[in-house]
Amino acid sequence: MSARAWPEERPERRSVEIETAIELLADEYVRMVLRCLADKPRSAPEITDRCAASRVTVYRRLNRLEEAGLVSVETAIDPTGNHHNIYRSLVDELTVKLHSDGLVGSVTYTEE
């Protein structure tokens, strides 16, 4: 059985709530996790190794980012038959503008 890190089709994309994204980005650990995912998909242990954060902290931030639609997760199977989750950043750029009627944002999704 060969393992595939990602399916051929695009991961499902949800619209990102700008207010939620701003709240998440205020968190130093969220920013560290997103920086770790900027260049390639990684597992939570790989992210933990690259960040100055505990595994629990990394998993909590990954869950929040997935719920917000900023990262996707897929289960990968390695050659020994073990499985693990791989996380991928879905957002390449998030722009926020302040208008008289509130915050307006736009999202540029990553290319695959």
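Residues numbered from 1 in each chain as written. Predicted model: local features only at pLDDT ≥ 70, side-chain atom pairs only at ≥ 80, totals over all residues. Heavy atoms only, no water.

### Comments concerning helix α4 (residues 55-68)
Piece 1. Under the 1.5 Å per step criterion, the end-to-end length of α4 is 20 Å for 14 residues, consistent within 8% with the ideal 20 Å.
Piece 2. All of the buried residues in α4 are Thr 57, Val 58, Arg 61, Leu 62, Leu 65 and Ala 68. Looking down the long axis of α4, one finds its buried residues gathered within 130 degrees of arc, a one-sided arrangement. Facing away from the buried side of α4 by over 90 degrees, the exposed positions are Arg 60 and Glu 67.
Piece 3. In this structure, the buried side of α4 is in contact with α1 (18-25), α2 (28-37), α3 (44-50), β2 (71-77) and β3 (83-89).
Piece 4. The positive-phi residue at the C-terminal boundary of α4 is Gly 69, with phi of around 85 degrees. (Helix = DSSP H or I, 4+ residues; strand = E, 2+ residues; numbered from the N terminus. Expected span 1.5 Å × (residues − 1). Buried < 20%, exposed > 50% of the residue type's maximum accessible area, 1.4 Å probe, protein only. Arc of directions from axis to C-beta. Contact = heavy atoms within 4.5 Å.)

### Concerning the layout of surface pockets
Piece 1. Approximately 420 Å³ is the volume attributed to the largest pocket.
Piece 2. Along the wall of the largest pocket there are 19 residues; nearest its centre are Leu 34, Ala 38, Ser 89, Val 91 and Asp 92.
Piece 3. Listing elements by their share of the lining of the largest pocket, those giving two or more residues are α1, α2, β3 and β4 (91-99).
Piece 4. Class assignment of the residues belonging to the lining of the largest pocket gives a composition of nine nonpolar, two polar and eight charged. (1 Å grid on protein atoms, 1.4 Å probe; cavity = no way out; pocket = protein on both sides within 12 Å on 5 of 7 lines; lining within 4 Å. Points joined across faces, edges and corners; volume = space filled by probe spheres on them. Nonpolar A, V, L, I, M, F, W, Y, C, P; charged D, E, K, R; others polar.)

### Overview of the pattern of salt bridges
Piece 1. Enumeration according to the criterion identifies three salt bridges in this entry.
Piece 2. A salt bridge links Asp 27 to Arg 61, with the shortest nitrogen-to-oxygen separation between them at 2.9 Å. Placement of the pair is Asp 27 in the loop between α1 and α2 and Arg 61 in helix α4, with a sequence separation of 34 residues. Just as Asp 27 is buried, Arg 61 falls in that class too.
Piece 3. What you see here is one network of salt bridges that share partners, running through Asp 27, Arg 61 and Arg 64. (Salt bridge = Lys/Arg side-chain N within 4 Å of Asp/Glu carboxyl O.)

### Details of the nonpolar core
Piece 1. Of all hydrophobic cores here, the largest spans 21 residues; its most connected members are Leu 37, Ile 47, Leu 62, Leu 65 and Leu 70.
Piece 2. Among the secondary structure elements, those contributing two or more residues to this core are α1, α2, α3 and α4.
Piece 3. Excluding its chain neighbours within four sequence positions, the residues that come into contact with Leu 37 are Arg 42, Ile 47, Leu 62, Val 71, Tyr 87 and Ser 89. (Core = buried A, V, L, I, M, F, W, Y, C linked by side-chain atoms within 4.5 Å.)

Read these as layout, nothing more, since geometry by itself doesn't imply function.
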